[in-house]
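Chain residues, written in single-letter form:
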Amino acid sequence: MDHNARRRTLLGLGTALAGAALLPAAANASAAARGPFPKGFLWGAAIAGHQAEGDNVASDAWLLENIQPTEFKEPSGAGVDHYRLYDQDIATLASLGLNTFRFSIEWARVEPVEGMFSVAALEHYRDVLLSCRRHKVKAMVSFNHFVTPAWFAARGGWETEGAEQLYARYCDKVARHLGDLIDVATTFNEPNLPRLLFGIPGPLAGMADNPRMKGMLAKASQLAGTGKWSSWIFGDFAKIEAGLLRAHAAGYQAIKAVRPQLPVGFSIAIADDQAVDGGEAMRDRKRAIAYEPWFRAIAEHGDFIGVQTYTRELIGPDGVRPPPKDAKFTSAHMEYYPEALEATIRYTAQHVTVPIYVTENGMSTDDDTQRIAYIRSAVGGVANCLKDGIPVKSYIHWSLLDNFEWIFGYGPHYGLIGVDRTTMKRTVKPSARVLGKIAQANGLAA
């Protein structure tokens, strides 16, 4: 499998996953200058627990990172020490002018052993939420961002009967202990990711048959002693999806039973799917597989849907096509295409009746001027959607910090804030200040 193609697909759609030149970006910025964003619009940045906190030793991801063979370039280790430095990070976010912090609670910390809940872990997250309050920042909390406890993965993860009850029990504990301080909640981050990555022919279609992947899962099952290991995108995709759909409904009901006024939804990974050379049928097939089950789910159990977009995907009759030869690329080998966000918001709005939150959008680059242009163009697209009456409630940038990017380790840099992992010193990038000024103005300046 082509390495760069694989990087493009996983990082473009997953994160944890933008080819026009900068002239269209400027055009979008000009369009956005027609008026301010709605009062109360949420401007923020995101991290995920496992990617930033470090030392998440009771999790499935920790085990997969540290066994051989492994699909991970390097282990997460100490992360970027956010578990210790959370107050500093939230204070910096607030000082920039952003009003929302999106983060995840790590189930593996809260319930490291089945049925044993850690009050210390829950109190830590309460301290994080209190920090948000002190700094006058809204807390947008994901109850699960891919990672599960190792014991849960060892019993078969989302593939097994009863997984949704275990997840609902965890949601109930968190909602009772922390719900009074949470402003917006999601049950899951990108639960459609397996279908998005593997639903139609593309660079990753054969990933499940990769000998190293099989070896990693076999080793995890051996160490777990159950022979049933399944987690995240590592397992039977159809069974994982079915389990996640059940778990969302159960988790949603558990949270709402405790906190009925708390807005609860989920976020989906979604690309700007563009049919080329007669690829409309294949594009529609992808949409039916990757998005439609979750559009139905949010209609039944959900107060909003989160949209997470990074780039576009060209789809021909034979499946996913590579970007055009003249495309610009991010450092993660994705096509630079910030216009994708406007397209995915509009597509989502055609299929749901709930409000739309942009819960992730960004790019990996070591050229911060490119990130600034990307942000301005993407935010301009949000403004265009608002102008047309689409109920968009937030723009949350991925990510606040340069952090662990799953199987690609610490190489990709998505952060508004750089981190020296030797000293854990933070460095605010110019792009962070640009997004902060946009937030303070509640829109793009002319």
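Quick caveat: nothing in here was measured; it's all calculated off a predicted structure.

Okay, the UniProt feature "active site" (unreviewed entry) in the protein next. UniProt marks Glu360 with the feature "active site" (unreviewed entry), using the numbering shown here. Residue position: Glu360 is located in strand S10 (residues 356–361). Using a relative accessible area of 0% as the deciding quantity, one classes Glu360 as buried. Of the polar contacts made by the side chain of Glu360, one reaches the side chain of Gln308; its length is 3.2 Å.

This brings us to the pairing of strand S8 (residues 312–316). Counting buried residues along S8, five of its five residues qualify, which places the element largely inside the surrounding structure. Every second residue of S8 is oriented toward a common face, with Arg312, Leu314 and Gly316 on one face and Glu313 and Ile315 on the other, all of them buried. Judged from the four bridges that link them, strand S6 (residues 272–275) and S8 form a sheet pairing that is parallel. From the neighbouring strand, Asp273 faces S8, where its bridge partner is Glu313. Here S8 folds back onto strand S9 (residues 319–321), and the loop between the two strands holds two residues.

Here the focus is unusual backbone geometry. Between Gln68 and the following residue, Pro69, the backbone shows a cis peptide bond with an omega angle of 0°. Structurally, the position occupied by Pro69 is in the loop between helix H4 (60–66) and helix H5 (82–96). Cis geometry marks the peptide bond from Trp398 to Ser399; its omega dihedral reads 5°. With respect to the helices, strands and loops of the structure, Ser399 is situated in the loop between strand S11 (392–398) and strand S12 (417–420). Although it is not a glycine, Trp232 sits at a positive phi angle of roughly 55°.

So, on to the pairing of strand S7 (residues 305–309). Within S7, five of the five residues are buried, which leaves the element mostly enclosed by the surrounding structure. Across four bridges, the pairing between strand S5 (residues 264–269) and S7 is parallel. The residue of S7 that forms the bridge with Ser267 is Gly306. Pairing between S7 and S10: five bridges, direction parallel. Within S10, the residue paired with Gln308 across the bridge is Glu360.

Bringing the packing of aromatic side chains into the picture now. Taken as a whole, this structure holds 33 aromatic pairs when the rule is applied. With a centroid separation of 4.8 Å and an interplanar angle of 45°, the aromatic rings of Phe37 and Trp43 are classed as tilted. The same class applies to Phe37 as to Trp43, namely buried. Their ring planes at 85° and their centres at 6.0 Å tell us that Tyr310 and Tyr414 sit as a pair that is edge-to-face. Of this pair, Tyr310 sits in the loop between S7 and S8 while Tyr414 sits in the loop between S11 and S12, and the two are 104 residues apart along the sequence. With respect to burial, Tyr310 and Tyr414 carry one shared label: buried. Taken together through their ring pairs, the aromatic side chains of Trp107, Phe143, Trp151, Phe152, Trp158, Tyr167, Tyr170 and Phe188 make up a single cluster. Above the plane of the ring of Tyr347 lies Arg287, whose end atom (NZ or CZ) is 4.2 Å from the centre.

Procedures and definitions
Residues numbered from 1 in each chain as written. Predicted model: local features only at pLDDT ≥ 70, side-chain atom pairs only at ≥ 80, totals over all residues. Heavy atoms only, no water. UniProt positions renumbered as here; feature names shortened; annotations may be inferred. Helix = DSSP H or I, 4+ residues; strand = E, 2+ residues; numbered from the N terminus. Buried < 20%, exposed > 50% of the residue type's maximum accessible area, 1.4 Å probe, protein only. Polar contact = N/O pair within 3.5 Å; in protein donor to acceptor, adjacent residues only side chain to side chain. Pairing = 2+ DSSP bridges. Phe/Tyr/Trp six-rings, centres within 6.5 Å; stacked < 30°, edge-to-face > 60°. Lys NZ or Arg CZ within 6 Å of the ring centre and 35° of its normal.

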